[in-house]
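# An overview of the molecular structure
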Amino acid sequence: MMAKDVEQLKAEAGIAAAAFVKEGMKVGLGTGSTVKYTVIELGRRVAEGLNIMGVPTSIATRDLALEVGITLIELSEVEGLDIVIDGADEFDPEFQLIKGGGGALLREKIVAQASNAMIVVADERKQVQTLGAFSIPIEVTPFSWQETRRQIERILKCQVILRNGDVEKLGDVKIEGGAFATDNGNLILDAQCGATIDNPIATEKTLQGLAGVCEVGLFNNICDMVILAGNDGIKTLTKPDGRLSS
Ligand code: 5RP
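Calculation notes
- Residues numbered from 1 in each chain as written.
- Predicted model: local features only at pLDDT ≥ 70, side-chain atom pairs only at ≥ 80, totals over all residues.
- Heavy atoms only, no water.
- Helix = DSSP H or I, 4+ residues; strand = E, 2+ residues; numbered from the N terminus.
- Contact = heavy atoms within 4.5 Å.
- Areas by Shrake-Rupley, 256 points an atom, 1.4 Å probe, with all protein chains shown as cover.
- Lys, Arg positive; Asp, Glu negative; His and termini not counted.
- Charge placed at Lys NZ, Arg CZ, Asp CG, Glu CD.
- Phe/Tyr/Trp six-rings, centres within 6.5 Å; stacked < 30°, edge-to-face > 60°.
- Lys NZ or Arg CZ within 6 Å of the ring centre and 35° of its normal.
- Pairing = 2+ DSSP bridges.
- Axes fitted to C-alpha atoms, helices over the stretch in contact; angles between N-to-C directions.
- Parallel < 35°, antiparallel > 145°, perpendicular 65-115°, else oblique.
- Left-handed = near helix turned anticlockwise from the far one by under 90°.
- Nonpolar A, V, L, I, M, F, W, Y, C, P; charged D, E, K, R; others polar.
- Domains from an automatic or database assignment.
- Buried area = accessible area lost by both parts, 1.4 Å probe.
- Salt bridge = Lys/Arg side-chain N within 4 Å of Asp/Glu carboxyl O.
- Polar contact = N/O pair within 3.5 Å; in protein donor to acceptor, adjacent residues only side chain to side chain.
- Near = heavy atom within 4 Å.
- Core = buried A, V, L, I, M, F, W, Y, C linked by side-chain atoms within 4.5 Å.
- Buried < 20%, exposed > 50% of the residue type's maximum accessible area, 1.4 Å probe, protein only.

### Some words on the overall build of the protein chain
On a plain count of helices and strands, the protein chain comes out with six helices and 16 strands. For the protein chain, the C-alpha atoms occupy an extent of roughly 50 × 35 × 35 Å along the three principal directions. Looking at the protein chain alone, contacts between residues at least 24 apart form 74% of all its contacts between residues at least 6 apart. Of the roughly 11,400 Å² that the protein chain leaves accessible, carbon and sulfur atoms contribute 50%. Of the charged side chains in the protein chain, 24 are positive and 35 negative; the average position of the first set lies 2 Å away from that of the second.

### Some details on the packing of aromatic side chains
What the rule picks out here adds up to zero aromatic pairs. Geometry around Phe219 places Lys109 over its ring, the cationic atom sitting 5.0 Å from the centre.

### Describing the pairing of strand E16 (residues 233-238)
One ladder, built from six bridges, connects strand E15 (residues 225-230) with E16; its direction is antiparallel. Within the sheet, the bridge partner assigned to Met225 lies in E16 and is Thr238. Between E15 and E16, which follow one another and run antiparallel, lie two residues.

### What to know about the packing of helix H5 (residues 145-156) against helix H6 (residues 200-208)
In contact at an axis separation of 11 Å, H5 and H6 are set at 150° when each is read in the N-to-C sense. It follows that H5 is roughly antiparallel to H6 by the angle criterion. Remark: the crossing between H5 and H6 carries right-handed chirality. Across from Ile152, Ile155 and Leu156 in H5, the residues of H6 making contact are Thr203, Thr206 and Leu207. Across the contact of H5 with H6, the residue classes tally to four nonpolar, two polar and no charged.

### Points about the side chain of Glu108
As for its placement among the helices and strands, Glu108 is situated in helix H4 (residues 105-113). Setting aside residues no more than four positions away along its own chain, Glu108 makes contact with Thr31, Thr57, Asp86, Lys99, Gly100 and Phe219.

### As for the sheet that holds strand E7 (residues 118-123)
Strand pairs in the sheet, formed through backbone hydrogen bonds, run parallel or antiparallel to each other. The seven strands are arranged E3-E2-E1-E4-E7-E15-E16 in an open sheet whose pairing can be described as mixed. In this open sheet, the two strands that pair with only one neighbour each are strand E3 (71-72) and E16. Taken strand by strand, helix H1 (residues 6-17) contacts strand E4 (83-87), E7, E15 and E16, and its axis lies near 145° from that of E15. Each of strand E1 (26-29), E4 and E7 is contacted by helix H2 (residues 35-47), which is oriented at about 135° to E4, the strand it contacts most.

### Some remarks on the domain arrangement of the protein chain
Its domain assignment divides the protein chain into domain 1 (6-125 + 220-232) and domain 2 (136-216). Counting from both sides, the interface comprises 16 residues of domain 1 and, opposite them, 16 residues of domain 2. Buried surface at the junction of domain 1 and domain 2, both sides included, amounts to about 1,300 Å², of which 55% is carbon and sulfur. Contact with domain 2 buries area across many residues of domain 1, yet Leu105, Leu106 and Lys109 alone supply 39% of it, more than any other trio. Here domain 1 is connected to domain 2 by two salt bridges. Note that Lys109 and Glu215 form a salt bridge whose closest N and O atoms lie 2.9 Å from each other. Joining domain 1 to domain 2, the criterion identifies ten residue pairs in polar contact (both at pLDDT 80 or more). Residue contributions to the side of domain 1 that touches domain 2 peak at four residues, all from H4. Residues belonging to the side of domain 1 that touches domain 2 are distributed by class as follows: four nonpolar, eight polar and four charged.

### Some words on the site of the ligand
Inspection of the region around the ligand gives 16 residues, with Thr31, Ser33, Thr34, Asp89 and Gly100 positioned closest. Taking Gly102, its main chain carries an N or O atom lying 3.3 Å from an oxygen atom of the ligand. Protein contact buries 91% of the 380 Å² of open area that the ligand shows by itself. Tallied by class, residues from the shell around the ligand come to two nonpolar, nine polar and five charged.

### Here we look at the nonpolar core
Ranked by size, the top nonpolar core spans 26 residues in total, and within it Ile136 and Ile152 carry the most contacts. Elements that contribute at least two residues to this core include exactly strand E8 (136-140), H5, strand E9 (159-162), strand E11 (173-179), strand E12 (187-192) and strand E13 (213-216). Filtering out sequence-adjacent residues up to four positions away, Ile152 remains in contact with Ile138, Val140, Lys157, Val160, Leu189, Leu207, Leu210 and Val213.

Set out below in structure tokens:
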């Protein structure tokens, strides 16, 4: 059998996840090149009569959701969401995640936290034994970001780099060479730890304790299911003690 290309795997995972969205649900809509297929598929189902409301996790997803005809609401207008579907950069055997490759981690975590369950859509490259080969994205304030970076390097004992982009000035902070700006007007630092994060809960907690850190791209004890696309088809991995196990 010919190997499927990554784009095909992303589409298969993304489309399969849409089946978990039922009539009347309030749905968190994740960000990225895999979950984009879920959003498009949900739009197709809405056009066929499915009635749902979505909360997007980024400006890019908001624009896509509106384009495909999904009704959007503000998180503040509702008491929680039924489900969030989102991508991930890595997941480990405990269903702990690295997210934020697209820079949307802060909104993604707020929406995930407000949801009764979380489904991740991924291709098999994202499945790892130990987190960290993919750099951990950390959203930080522009103010004194170099000092925040030093603090993070001291804690993690690894190199931490400023994510590049084309923004030269964020607020009153000028950034030589340009930086990536999040939807919240912050910066992203990527911590290059290597596959060493064997206690992601402790790592998340320690980093969250630093002033200047807005959010950490470690999503712990929040993912209940991974829809994983591989060459042999789709696998649905359900966290044994998660909110979608029965
Ligand atoms: C964005 C994210 C994405 O969900 C994550 O980076 C995976 O993206 P993709 O499906 O494009 O690989 O966390 O902040």
